[in-house]
Amino acid sequence: MAAAGFCTISCLLDVFHHLSYPKRFLREAMRVLRPGGRLVMIEPNVSMVSWVFFKLLHEEPVLLGEDPFDPTPRSGPSPYESNQAIPYLVFVRKVRTLKEVVPNLEVLWTRRFSLWAYPLSGGFQPWTLLPAGLAKPLLRLEAKLSPWLGRLTGFRLMVVAQHSGDQSQAGSAV
């Protein structure tokens, strides 16, 4: 029998879409999180606008036809062999399947945001198209519009999930 988890919160920033075994990771996260412990992540989001941007201008692929719960490895050793669609597929499109695959993981909420600031800033690139004086006003505007436009134009996905307290699946295999 697996020991009770010891971690109360785990945060990831642009990590999940690089993992070769997302299902294995989520099960392991539930093993180490205490009941009530949270998994918080910010990842790429696939929207109508971001899909075009990522497909044409980003080196990492966006493969919407992939099964994120497939037990075979889905990426190779290079970080550019990731799939930016994995977080969207797991936590938005296939969230019902997620509940079956990792029953002790409860998705509390998801938020799709960063309508223009992220792509204009260059993301994690050294360049930016966003003048410093416009950053704060643009972020304030995005915060107001994200609830309505995030599904259509959001570049980022924030996920907050919680260990439901059900230990029956905590130590199960992949």
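It should be noted that the structure appears before, not after, this text.
To start, this report covers the structure provided alongside it. Just so it is clear, the model here is predicted, and its values are computed rather than measured.

Description of the packing of aromatic side chains
If you walk through the whole model with that rule in mind, you get six aromatic pairs. Ring centres of phenylalanine 53 and phenylalanine 155 lie 5.2 Å apart, and the angle between their planes is 80°; on these two criteria the pair is classed as edge-to-face. Remark: phenylalanine 155 occurs in the loop between helix H6 (132-153) and strand S4 (156-163) and phenylalanine 53 occurs in helix H2 (residues 48-57); sequence separation between them is 102 residues. Overall, the relative accessible area of 22% leaves phenylalanine 53 in the partly exposed class. For phenylalanine 155, a relative accessible area of 2% gives the class buried. With 6.4 Å between their ring centres and 45° between their planes, tyrosine 118 and phenylalanine 155 make a pair best called tilted. Of this pair, tyrosine 118 sits in helix H5 (residues 117-121) while phenylalanine 155 is found in the loop between H6 and S4, placing the two residues 37 residues apart along the sequence. Each member of the pair tyrosine 118 and phenylalanine 155 is classed as buried. These aromatic residues form a ring-pair network of at least three members: Phe53, Phe54, Tyr118 and Phe155. In this structure, arginine 24 is placed above the aromatic ring of tyrosine 21, and the distance from its NZ or CZ to the ring centre is 4.1 Å. Taking the ring centre of tyrosine 118 as reference, the NZ or CZ of arginine 156 above it sits at 4.7 Å.

Quick notes on the sheet that holds S4
Taken in spatial order, the four strands line up as S1-S2-S4-S3 in an open sheet, and their pairing is mixed. For this open sheet the edge positions go to strand S1 (7-13) and strand S3 (105-113), each flanked by a neighbour on one side alone. Taken pair by pair, the neighbouring strands of this sheet meet at an average axis angle of 10°, ignoring direction. Here S3 pairs with S4 via eight bridges, running antiparallel. Directly across from arginine 111, in S4, lies its bridge partner methionine 158. With respect to the sheet, helix H3 (residues 86-93) is in contact with strand S2 (33-44), S3 and S4, its orientation differing from that of S3 by roughly 120°.

Here's the deal with the layout of surface pockets
By volume, the largest pocket amounts to about 320 Å³. When contributions to the lining of the largest pocket are tallied by element, the ones reaching two or more residues are H2 and H5. Considered class by class, the residues forming the lining of the largest pocket number nine nonpolar, seven polar and four charged.

Here is what the cut-offs are and how they apply
- Residues numbered from 1 in each chain as written.
- Predicted model: local features only at pLDDT ≥ 70, side-chain atom pairs only at ≥ 80, totals over all residues.
- Heavy atoms only, no water.
- Phe/Tyr/Trp six-rings, centres within 6.5 Å; stacked < 30°, edge-to-face > 60°.
- Helix = DSSP H or I, 4+ residues; strand = E, 2+ residues; numbered from the N terminus.
- Buried < 20%, exposed > 50% of the residue type's maximum accessible area, 1.4 Å probe, protein only.
- Lys NZ or Arg CZ within 6 Å of the ring centre and 35° of its normal.
- Pairing = 2+ DSSP bridges.
- Axes fitted to C-alpha atoms, helices over the stretch in contact; angles between N-to-C directions.
- Contact = heavy atoms within 4.5 Å.
- 1 Å grid on protein atoms, 1.4 Å probe; cavity = no way out; pocket = protein on both sides within 12 Å on 5 of 7 lines; lining within 4 Å.
- Points joined across faces, edges and corners; volume = space filled by probe spheres on them.
- Nonpolar A, V, L, I, M, F, W, Y, C, P; charged D, E, K, R; others polar.

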